[in-house]
Amino acid sequence: LFKEWICRLYSMGDVILTPTEYAKRLLSGYGISKPIHVITNGVDTSFFHPDRKAGERFRQRFSIPRERKVVMSAGHLLRRKGIFTFLETAARMPDVRFIWFGGGNWWAVPGEVKRAMAQKPDNVLFPGYVEPDVLREAYCGADAFAFFSWEETEGIVVLEALASGIPVVVRDIPVYEDWLQKDVHVRKASGEKEFSRELEGMLFGENSAMIRKGRELSEEHSIERAGMRLKEIYRLEGLD
């Protein structure tokens, strides 16, 4: 019933915009006849960018010594976002500080997630929702960004992290196949064993080339580029 309702809503439009080729393939599989165009959600690369002083403010804010390694993640506190893999990976790396930003309405957080959070490892911190400036500082001050989500249509926080110049590891899922190259822009992993192995490699290895490529990719997905693409679609479909 939900799928039928979604298809009806999509069919009410003249043109459908979706952020990735993966999402386009999903919608095309629904049998929707309206034209579907891919356009990134976009990232503000003038706001999210490498900033050493912002990184120092992050460590001061959360009382983290400069020498301690930090892995950050962000998202709603849901199984789909990979919260259990996050906790299991943190338990495998007790000397590393793991921080998860975001959460959503606490009353909507599933009971199994609340119970897991109550038994979290000592090296895990849940600051909850924070203002954009604080999140930007975290991207600049953490040593790695890990995104454990099982399903996305693009992954805005991944773009924010890449723009901020932090090495990134994501779950190896189809949505990233067309635009995030493994070991070029990001590292990819499946379970907690792979995530911990890839994080160890990033935390104690050389990441400058991957960080540079990641920043270049984020610029290709900037809100300015998204605006130009939107204008192109309007002209193509005769909507201007």
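Look up: the structure comes first, before these words.
All values reported here derive from a predicted model rather than from experimental measurement. Per chain, residue numbering runs from 1 following the sequence as it is written. The model is predicted, so local features are restricted to residues of pLDDT at least 70 and side-chain atom pairs to those at 80 or more, both for listing and for counting; the totals for chains, interfaces and linings are taken over all residues. Side-chain metrics rest on all non-hydrogen atoms present in the structure, leaving aside hydrogens and water.

J.: What is the right way to look at the overall build of the protein in this model?
T.: Secondary structure elements follow DSSP: runs of H or I of four or more residues count as helices, runs of E of two or more count as strands, with numbering from the N terminus. For the protein, the helix and strand inventory stands at ten helices and eight strands. Put simply, the radius of gyration uses C-alpha atoms, and a globule should come to 2.2 Å times the residue count raised to 0.38. A compact globule built from 240 residues should have a C-alpha radius of gyration of about 18 Å, and the protein, at 19 Å, falls within 12% of that. If you line up the protein on its principal axes, its C-alpha atoms span 55 × 40 × 30 Å. Each residue is placed in one exposure class: buried if its accessible area under a 1.4 Å probe, protein chains only, is under 20% of its type's maximum, exposed if it is over 50%, and partly exposed if it falls in between. The buried share of the protein, reckoned over its 240 residues, is 49%. Contact definition: two residues touch when any of their heavy atoms are within 4.5 Å. Counted over contacts in the protein with a minimum sequence separation of 6, partners at least 24 positions apart contribute 69%. When the accessible area of the protein is evaluated, it comes to approximately 12600 Å², of which 51% is carbon and sulfur surface. Seen as two clouds, the 35 positive and the 35 negative side-chain charges of the protein have centres 2 Å apart. Note that accessible areas follow from Shrake-Rupley with a 1.4 Å probe, and for residues the cover is restricted to the protein chains shown. Two residue types count as positive, namely Lys and Arg, and two as negative, namely Asp and Glu; His and chain ends fall outside the count. Where a charge lies is defined by one atom per residue type: Lys uses NZ, Arg uses CZ, Asp uses CG and Glu uses CD.

J.: Could you clarify how one ought to interpret the pattern of salt bridges in this entry?
T.: Working definition: two side chains of opposite charge can pair if their charged atoms are close together. We count a salt bridge whenever a side-chain nitrogen from Lys or Arg sits within 4 Å of a carboxyl oxygen from Asp or Glu. Counted according to the given criterion, the structure contains twelve salt bridges. Here Arg215 and Glu219 are joined by a salt bridge, their closest N and O atoms 3.2 Å apart. One end of the pair is Arg215 and the other is Glu219, both in helix H9 (residues 208-220) and four residues apart, which spans about a single turn. Assessed through its relative accessible area of 19%, Arg215 is described here as buried. On the accessibility criterion, Glu219 (35% relative accessible area) is partly exposed. It is possible to trace a salt-bridge network through shared partners that takes in Arg57, Arg61 and Glu137.

J.: Help me understand helix H10 (residues 223-236) in this model?
T.: What sets the pattern is the α-helix's 3.6 residues per turn: residues three or four places apart point alike. Take the number of residues in a helix, subtract one, and multiply by 1.5 Å to get its expected span. Here H10 contains 14 residues, and its C-alpha end-to-end distance of 20 Å stays within 8% of the 20 Å for a straight helix at 1.5 Å per residue. Backbone geometry just after H10 places Gly238 at a positive phi near 70°.

J.: Is there a simple way to explain the packing of aromatic side chains in this structure?
T.: For any pair of aromatic rings, the description consists of the separation of the ring centres together with the inter-plane angle of the planes. Paired rings are identified among Phe, Tyr and Trp, the last through its six-membered ring, by centres lying within 6.5 Å, and are further divided according to the angle between planes into stacked (under 30 degrees), edge-to-face (over 60) and tilted (the rest). One pass over the structure, following the stated rule, counts 13 aromatic pairs. Taking 4.5 Å as the distance between ring centres and 45° as the angle between the ring planes, the aromatic pair formed by Phe148 and Phe195 counts as tilted. Separated by 47 residues along the polypeptide, Phe148 in the loop between strand S6 (144-147) and helix H7 (156-163) and Phe195 in helix H8 (residues 192-203) bring together distant segments of the chain. Assessed through its relative accessible area of 0%, Phe148 is described here as buried. For Phe195, a relative accessible area of 0% corresponds to the buried category.

J.: Explanation requested: the sheet that holds S6 in the structure shown.
T.: Hydrogen bonds between backbone atoms are what pair the strands of a sheet, whose relative direction is either parallel or antiparallel. Pairing between two strands requires that DSSP report at least two bridges joining them. Pairing in this open sheet of six strands is parallel, and the strands run S5-S4-S3-S6-S7-S8 from one edge to the other. Both outer strands of the open sheet, strand S5 (124-128) and strand S8 (187-189), are each paired with one neighbouring strand and no more. In this sheet, neighbouring strand axes are inclined to one another by 25° on average, regardless of whether the strands run parallel or antiparallel. Where strand S4 (residues 97-101) meets S5, three bridges bridge the pair, whose relative direction is parallel. To obtain an axis, a line is fitted to C-alpha atoms, over the contacting stretch when the element is a helix, and the angle between two such axes runs from 0 to 180 degrees between their N-to-C directions.

J.: Would you explain the nonpolar core in this entry?
T.: A general feature of soluble globular proteins is that nonpolar side chains tend to end up buried together. Ranked by internal contacts, the top residues of the largest apolar core, which has 35 residues, are Met72, Phe101, Phe145, Val158, Val168 and Tyr176. Put simply, the parts of the chain that give this core at least two residues each are strand S3 (70-74), S4, helix H6 (132-141), S6, H7 and strand S7 (168-171). Examining the composition of this core, we find that six residues originate from one element, H7, more than from any other. Residue contacts for Met72: discarding those within four places in its chain leaves Ile99, Phe101, Leu135, Ala138, Tyr139, Ala142, Ala144, Phe145, Ala146 and Ile166. The nonpolar core is taken to be a set of buried Ala, Val, Leu, Ile, Met, Phe, Trp, Tyr and Cys residues, with the residues joined through side-chain atoms within 4.5 Å.

J.: How should I be thinking about the pairing of S3 in this particular structure?
T.: Every regular strand shows the same layout, with side chains that alternate between the two sheet faces. Burial within S3 is extensive, with five of its five residues counted as buried. What you see with S3 is no split at all: Val70, Met72 and Ala74 on one side and Val71 and Ser73 on the other are buried throughout. Inspection of the sheet shows S3 paired to S4 by five bridges, in the parallel sense. Note on S4: the bridge partner recorded for Ser73 is Trp100. After leaving S3, the chain enters helix H4 (residues 83-92) and then returns to the sheet as S4, a path that is right-handed. Seen with its strands pointing away from the viewer, a crossover is right-handed if its path from the first strand over the helix to the second goes clockwise.

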